Amino acid sequence: DAKTTQPPSMDCAEGRAANLPCNHSTISGNEYVYWYRQIHSQGPQYIIHGLKNNETNEMASLIITEDRKSSTLILPHATLRDTAVYYCIVRVDQGGSEKLVFGKGTKLTVNP
Amino acid sequence: NAGVTQTPKFQVLKTGQSMTLQCAQDMNHEYMSWYRQDPGMGLRLIHYSVGAGITDQGEVPNGYNVSRSTTEDFPLRLLSAAPSQTSVYFCASSYAGGSYEQYFGPGTRLTVT
């Protein structure tokens with residue numbers, strides 16, 4: 001089972017910041033938080049990941065709470081092309097395996 | 001780089017038929033995996049491989065076989081197709097160890113009648 005909880009859907013206005021929350025209260029100390037998105041049944045696309053510190057790249061920012069029990073993905077200026085299902089994933093650490101356990105994700109709809 | 005490629009894009013099988021879904025990557029990644037995605041659901045791991053000659057089962061391995069004879073290729077074999085295997089299949093690859101991102105292929109949409 002997925003170790004994360006996400007709202008099933010969210011809406012955002014084009015040009016505004018989209019803040020997608022994720023709860024992962026049972027995360028272990030050496031487990032990373034990953035975010036992927038899936039646009040209209042295409043293959044999932046990596047967005048960002050982090051361990052303890054906040055992270056930023058050209059696509060998004062990841063804010064992880066100090067207790068690491070939750071995080072927020074921020075798309076600073078959402079566009080219509082950001083409409084997708086966003087998956088928050090805690091990477092299962094099993095002897096070096098790179099397993100990703102997907103939940104149902106959050107369906108983000110960016111409205112004009 | 002072509003990244004992760006999958007063939008075919010679409011396939012229709014009759015119950016009991018067998019077939020192989022192809023996956024290839026040109027990034028010299030050690031880790032490769034197969035997922036299936038049913039309507040309205042997240043991806044579920046079928047099989048994975050941490051290097052040539054090494055494979056292991058994921059969450060839903062029954063009815064599927066894999067082998068990894070080269071670093072580049074990781075085919076998925078359906079032994080005797082069943083309607084329950086109707087799904088979209090995604091292959092992914094990454095470097096092993098650490099916290100590397102996984103790259104996904106475009107998917108194969110399989111229908112078993």
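Going by the structure above, here's the rest.
Residues numbered from 1 in each chain as written. Chains lettered and ligands numbered in written order. Predicted model: local features only at pLDDT ≥ 70, side-chain atom pairs only at ≥ 80, totals over all residues. Heavy atoms only, no water.

Colleague: Even after reading the chapter, I still don't get the overall build of chain B, so can you show me in this structure?
Modeller: For chain B, the count of helices and strands is 0 helices and 11 strands. Helices and strands in chain B line up, N terminus first, as β-β-β-β-β-β-β-β-β-β-β. Taken over C-alpha atoms, the radius of gyration comes to 13 Å for chain B, in line with the 13 Å a tight globule of 113 residues would show. Structurally, chain B occupies a C-alpha span of about 40 × 25 × 25 Å along its principal axes. For chain B, the share of sequence-separated contacts (at least 6 apart) that also reach a separation of at least 24 residues comes to 54%. Of the accessible surface of chain B, which amounts to about 5100 Å², a share of 51% is contributed by carbon and sulfur atoms. One finds the centroid of the 7 positive side-chain charges in chain B at a distance of 13 Å from the centroid of its 8 negative side-chain charges. (Helix = DSSP H or I, 4+ residues; strand = E, 2+ residues; numbered from the N terminus. Rg over C-alpha atoms; globule rule 2.2 N^0.38 Å. Contact = heavy atoms within 4.5 Å. Areas by Shrake-Rupley, 256 points an atom, 1.4 Å probe, with all protein chains shown as cover. Lys, Arg positive; Asp, Glu negative; His and termini not counted. Charge placed at Lys NZ, Arg CZ, Asp CG, Glu CD.)

Colleague: Looking at this model, I keep getting lost on the interface of chain A and chain B. Mind explaining?
Modeller: Frequently, the measure chosen for interface size is the accessible area that the parts lose on association. The interface of chain A with chain B comprises 20 residues on the first partner and 24 residues on the second. Taken over both partners, the interface formed by chain A and chain B buries close to 1600 Å², and the fraction arising from carbon and sulfur atoms is 53%. Counting every contact that joins chain A to chain B gives 4 residue pairs in polar contact (both at pLDDT 80 or more). Going through the elements one at a time, β3 (33-38) and β4 (45-50) of chain A are the ones with two or more residues in the side of chain A that touches chain B. Broken down by element, the residue count for the side of chain A that touches chain B peaks at 3 residues, all from β3(A). (Buried area = accessible area lost by both parts, 1.4 Å probe. Polar contact = N/O pair within 3.5 Å; in protein donor to acceptor, adjacent residues only side chain to side chain.)

Colleague: Help me understand the side chain of B:Gln25 in this model?
Modeller: All names here are of chain B. The topology assignment puts Gln25 in strand β3 (residues 19-25). The exposure class of Gln25 is buried, given its relative accessible area of 3%. A distance of 3.0 Å separates a polar atom in the side chain of Gln25 from the backbone nitrogen of Met27. Engagement of the side chain of Gln25 in a polar contact is seen with the backbone oxygen of His29, the distance being 3.0 Å. Not counting the four nearest positions on each side in its chain, Gln25 is found in contact with Gly3, Val4, Met32, Arg68, Thr71, Glu72 and Ser93. (Buried < 20%, exposed > 50% of the residue type's maximum accessible area, 1.4 Å probe, protein only.)

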